[in-house]
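Structure at a glance
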Amino acid sequence: MRRRRFLSRCALLGGAATLGPLAGLPAAWAEQTPRLFARTRLTDVHGRPLRAADLAPETNYVFQYPFAATPCLLLKLARPVTVPAGTRRADGDAPAWQGGVGRDRNVVAFSAICAHKLAYPTREVSFIRYQPEKSATSAARVIHCCADHSVYDPADGARVLSGPAPQPLAGILLEHDAADDGLYALGTVGPDQFAAFFDKYRVRLSLEYGESRARSAVAATSIVRELSSYCRTTIQC
Ligand code: FES
């Protein structure tokens, strides 16, 4: 029932209905129909339900969604991320992506597969990460892929600010349960890179996860880890 209520609220049951233009969101997202996957509870490394309050601000967290091998960045930003009041889809329903979730409306998630050449956080190294401070190569409070310097704005749907990426990072639809401050992933919005990712990294993923497990859908839970403990080396730039 709860899931049905949420889907109704977010107007995700429109089937072929597409999203109309949304002020402040990338046009690419506005044209896409959200893809729903499992309603997946985010947990800590001990398997306990993660609370939004547990997240340190402006810190990189990683979880796998919607497939076992596809990483996402989870961020608690410094400021709320809101969709302008009154924003509607072309069909009159509310937009699927509601901005930040949580009590302060500042928790967002994006696929961590770079839209340029598909760099992503592995256990060994990550070129893509949220960067709270200004650096020699980009402004502060951006997602910066140091592989070729694609820079995305997490406060604006991960739209491309600079660099060679041709499109935003795919957004992850999140739900916040106000009763226990819990977080759930529900699906994606915007163009994703999953097919190209599985194609490009087929051999590596097969060795790491096994032939079919890399593509298996994440189900009831997904563990959230700090990037610094998930990944041995995070490239700075
Ligand atoms: S792979 Fe990220 S900028 Fe090229």
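Computed from a predicted structure; not experimentally measured.

1. Quick look at the overall build of the chain
Regarding its fold elements, the chain presents five helices and 14 strands. Of all 237 residues assigned to the chain, the portion counted as buried reaches 39%. Relative to all contacts within the chain whose residues are 6 or more apart in sequence, the contacts with residues 24 or more apart total 65%.

2. Focus: the pairing of strand S10 (residues 171–177)
The element S10 is largely enclosed, with a buried count of five among its seven residues. Two strands pair when backbone bridges link them, and S10 and strand S11 (residues 182–189) are joined in this way by seven bridges, in the antiparallel orientation. Across the sheet, Asp177 pairs through a bridge with Gly182, a residue of S11.

3. Focus: unusual backbone geometry
Cis geometry is found at the peptide bond from Tyr65 to Pro66, where omega equals -5°. In this structure, Arg141 takes a positive phi of about 60° despite not being glycine. Given 18 C-beta atoms within 10 Å, Arg141 falls into the partly exposed group. For Ala158, which is not a glycine, the phi torsion comes out positive at approximately 60°. With respect to the element layout, Ala158 can be found in the loop between strand S8 (150–153) and strand S9 (159–162).

4. A short note on the nonpolar core
The tendency in soluble globular proteins is for nonpolar side chains to be buried side by side. The biggest cluster of nonpolar side chains holds 50 residues, and the ones touching the most others in it are Cys72, Leu73, Ala109, Phe110, Ile143 and Leu174. Residue assignment for this core shows that the elements contributing at least two residues are strand S2 (61–64), strand S3 (71–76), strand S4 (107–111), strand S6 (128–131), strand S7 (142–145), S10, S11 and helix H5 (227–230). Per-element tally for this core: the top contributor is S11, with five residues. Setting aside residues up to four positions removed in sequence, Leu174 forms contacts with Val101, Val107, Ala109, Leu183, Tyr184, Ala185 and Leu186.

5. Quick word on the sheet that holds S8
The strand order S6-S7-S8-S9 describes an open sheet built from four strands, whose pairing is antiparallel. Lying at the two open borders of the sheet, with one neighbouring strand each, are S6 and S9. Averaged over all pairs of adjacent strands, the angle between strand axes in this sheet comes to 35°, irrespective of strand direction. Two strands pair when backbone bridges link them, and S6 and S7 are joined in this way by four bridges, in the antiparallel orientation. Residue pairing in the sheet places Ile128 in a bridge with Cys145 of S7.

6. As for the environment of Ser228
Inspection of the secondary structure assignment puts Ser228 in helix H5. The exposure class of Ser228 is partly exposed, given the 15 C-beta atoms found within 10 Å. Each C-alpha atom, one on Ser228 and one on Arg123, is 9.9 Å from the other, the two residues being 105 residues apart in sequence.

7. What to know about the environment of Val218
With respect to the helices and strands, Val218 occurs in the loop between helix H4 (202–209) and strand S12 (221–223). Placed 148 residues apart in sequence, Val218 and Thr70 show a C-alpha to C-alpha distance of 9.5 Å. The residues touching Val218, leaving out its near neighbours within four places in the chain, are Ala38, Thr40, Gln64, Tyr65, Pro66, Phe67 and Ala68.

8. Let's talk about the environment of Ile235
With respect to the helices and strands, Ile235 occurs in the segment after strand S14 (233–234). By the C-beta count within 10 Å, which is 15 here, Ile235 ends up partly exposed. Taking the C-alpha atoms as reference points, Ile235 and Ala147, separated by 88 residues in sequence, lie 8.7 Å from one another.

9. Considering the pairing of S3
Judged by how many residues are buried, S3 sits mostly within the fold: five of six residues are covered. Judged from the four bridges that link them, S2 and S3 form a sheet pairing that is antiparallel. By the bridge assignment for S3, Val62 is matched with Leu73. Between S2 and S3, which pair antiparallel in sequence order, lie six residues.

10. Digging into the confidence of the model for the chain
Per-residue confidence for the chain gives a mean pLDDT of 85; residues scoring 70 or more make up 80%. Contacts from residues 1–28, a stretch scored under 50 in pLDDT, to residues over four places away or in other chains number 53 contacts.

Cut-offs used in this document
Residues numbered from 1 in each chain as written. Predicted model: local features only at pLDDT ≥ 70, side-chain atom pairs only at ≥ 80, totals over all residues. Helix = DSSP H or I, 4+ residues; strand = E, 2+ residues; numbered from the N terminus. Buried ≥ 20, exposed ≤ 12 C-beta atoms within 10 Å, placed from the backbone. Contact = placed C-beta atoms within 7 Å. Pairing = 2+ DSSP bridges. Core = buried A, V, L, I, M, F, W, Y, C linked by C-beta atoms within 7 Å. Axes fitted to C-alpha atoms, helices over the stretch in contact; angles between N-to-C directions. pLDDT = per-residue confidence, 0-100.

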